Amino acid sequence: MSVVCPECDSPLDVDVDDVEEGEIIQCDECGIDLEVVSSDPLELVPVDEEGYSDEDEDLPLDDEDE
Ligand SMILES: [Zn+2]
């Protein structure tokens, strides 16, 4: 399944099996952070970075899907 970046319209190579709702992925082209709001069908929305510091990432990213 292919999806395009809502910001720059670049095709994103996202494996649906690899993402889950609420996960944040990043567009390789424009670097914007995108939140997976739906995995079926795959739907991405730009993350509102207002008041958010990139240097201060302290999100409990649950990357270990085991
Ligand atoms: Zn983009």
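Quick summary incoming for the structure in this document. Model, not experiment: these values are computed from the prediction.

Take the environment of D63 next. Assignment of secondary structure puts D63 in the segment after β5 (42-46). Each C-alpha atom, one on D63 and one on E23, is 9.3 Å from the other, the two residues being 40 residues apart in sequence.

Inspection of the sheet shows strand β3 (residues 24-26) paired to strand β4 (residues 33-39) by 3 bridges, in the antiparallel sense. Within β4, the position partnered with I24 by the bridge is E35. What sits between the antiparallel neighbours β3 and β4 is a turn of 6 residues, in which G31 has the positive phi angle 80°. Bridging between β4 and β5 involves 5 bridges; their strand directions are antiparallel. Within β5, the residue paired with L34 across the bridge is P46. Between β4 and β5, which follow one another and run antiparallel, lie 2 residues.

The rules behind the values
Residues numbered from 1 in each chain as written. Predicted model: local features only at pLDDT ≥ 70, side-chain atom pairs only at ≥ 80, totals over all residues. Helix = DSSP H or I, 4+ residues; strand = E, 2+ residues; numbered from the N terminus. Pairing = 2+ DSSP bridges.

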